[in-house]
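# Descriptive analysis of the structure
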Amino acid sequence: MIRLRRSASAAALTLAAVTATVLGFAGPAAAHVTVNPKEATQGSYGRFAIRVPNESDTASTVKIEVNLPENAPVGSVSTMPVPGWTVAVEKRKVDPPIEVHGSQLTEAVSKLTWTAAAGGGVKPGEFQEFPISLGPLPQVDKMVLKTLQTYSDGNVSRWIEEPTPGAEEPENPAPVLTLTAAAGSPSASPAAAGAPAAKDDDDDDDSGSTAVVLGVAGLLAGLGGLALGGLAFARTRRESTPKP
């Protein structure tokens, strides 16, 4: 019995050592560039941040290039100053024009490029956010913001792979902003969502009449019950009263 216990203990220790070795070789999951928040409403304006972590142990991130999708142009794009960085804005022609507050815009921002000052950038072990304002957000399901991240040693991380629902995350996923339909839009209506249709006025009137009839019947039944109870009580009292 003692020998069996020792064998089991030795096997458990061996398994633990092997597991620890395997986990030791498996490094942590790599962080990637994201957009935050990740969801917004079509047609609205929003403030978003391109979050850039530094994955290098020795080099700094010195340039970020964010490409706005051609199939989802945005009429208004603005940036917030980031200390130690400058931003360049590139535009492209759009056809048909984008309507913003009654104005027809024939150009839209196609690319935003942030460049760090000399000696600056995102250091190893750090991350940086680059705030932007977008709107009105297009009538599409999502915006894929393909991004290039350049390091001080010349290496470039290309975050340009579009994730596929139900599939494993790609090695270099692009930031994705998911857009949902606004309340009251055709795609967000109860009928489109499969909700039951509302009753018409005639149905409401019929239901109201039925409720009144049932209420009166219930009241009459209650009064009848009270009368019968009173008669029974009187009869019981007469029978229990001693005769002279």
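Computed from a prediction, not measured in an experiment: that's the story for all the values here.

### Topic: the overall build of the protein
If you tally the helices and strands in the protein, you get two helices and twelve strands. When the elements of the protein are put in sequence order from the N terminus, they spell out α-β-β-β-β-β-β-β-β-β-β-β-β-α. Expressed as a percentage of the 244 residues in the protein, the buried residues total 27%. Long-range pairs, those at least 24 residues apart, make up 69% of the contacts in the protein with a sequence separation of at least 6. As displayed, the protein has an accessible area near 16300 Å², and 58% of this comes from carbon and sulfur atoms.

### Side note on the side chain of N54
Summarising the element assignment, N54 is placed in the loop between β3 (46–53) and β4 (61–67). The class for N54 is buried, based on a relative accessible area of 9%. A polar side-chain atom of N54 sits 3.2 Å from the main-chain carbonyl oxygen of A59. At a separation of 2.4 Å, a polar atom in the side chain of N54 contacts the main-chain carbonyl oxygen of V122. Other than its neighbours up to four places away in sequence, N54 contacts A59, S60, T61, V122, K123, P124, G125, E126, Q149 and Y151.

### Thoughts on the sheet that holds β3
Whenever strands of a sheet pair, they do so through backbone hydrogen bonds, lying parallel or antiparallel. Taken in spatial order, the four strands of this open sheet run β1-β3-β8-β5, and their pairing is antiparallel. With one partner strand each, in any of the chains shown, β1 (34–36) and β5 (76–79) form the two edges of the open sheet. When the angles between neighbouring strand axes are averaged without regard to direction, this sheet yields 30 degrees. Of the strand pairs in this sheet, β3 and strand β8 (residues 127–135) are connected by eight bridges, and their pairing is antiparallel.

### Considering the sheet that holds strand β11 (residues 156–159)
Strand order in the open sheet formed by five strands is β6-β7-β4-β10-β11, with antiparallel pairing between adjacent strands. Each edge of the open sheet carries a strand with a single partner, namely β6 (85–100) and β11. Pairwise comparison of adjacent strand axes, ignoring direction, gives a mean angle of 15 degrees for this sheet. Taken together, the six bridges between β4 and strand β10 (residues 146–151) define a ladder with antiparallel strand orientation. When the sheet's bridge partners are listed, E65 is paired in β10 with L148.

### Remarks on the pairing of β11
Side chains of β11 alternate between two faces, with S157 and W159 buried and V156 and R158 left unburied. As consecutive antiparallel partners, β10 and β11 are separated by four residues, and within that stretch G154 has a phi angle of approximately 95 degrees, a positive value.

### Some words on the nonpolar core
Judged by nonpolar contacts, the single largest core of 29 residues is most densely connected at I50, W114 and M143. Among the elements that take part in this core, strand β7 (residues 103–116) stands out by supplying four residues, more than any other.

### Some words on the side chain of T147
Mapped onto the elements, T147 comes out in strand β10. For T147, the side chain forms a polar contact with the main-chain oxygen of L145, separated by 2.9 Å. Ignoring sequence-local partners within four residues, the contact set of T147 consists of V33, I64, E65, V66, S157, R158, W159, I160 and P175.

About the cut-offs
Residues numbered from 1 in each chain as written. Predicted model: local features only at pLDDT ≥ 70, side-chain atom pairs only at ≥ 80, totals over all residues. Heavy atoms only, no water. Helix = DSSP H or I, 4+ residues; strand = E, 2+ residues; numbered from the N terminus. Buried < 20%, exposed > 50% of the residue type's maximum accessible area, 1.4 Å probe, protein only. Contact = heavy atoms within 4.5 Å. Areas by Shrake-Rupley, 256 points an atom, 1.4 Å probe, with all protein chains shown as cover. Polar contact = N/O pair within 3.5 Å; in protein donor to acceptor, adjacent residues only side chain to side chain. Pairing = 2+ DSSP bridges. Axes fitted to C-alpha atoms, helices over the stretch in contact; angles between N-to-C directions. Core = buried A, V, L, I, M, F, W, Y, C linked by side-chain atoms within 4.5 Å.

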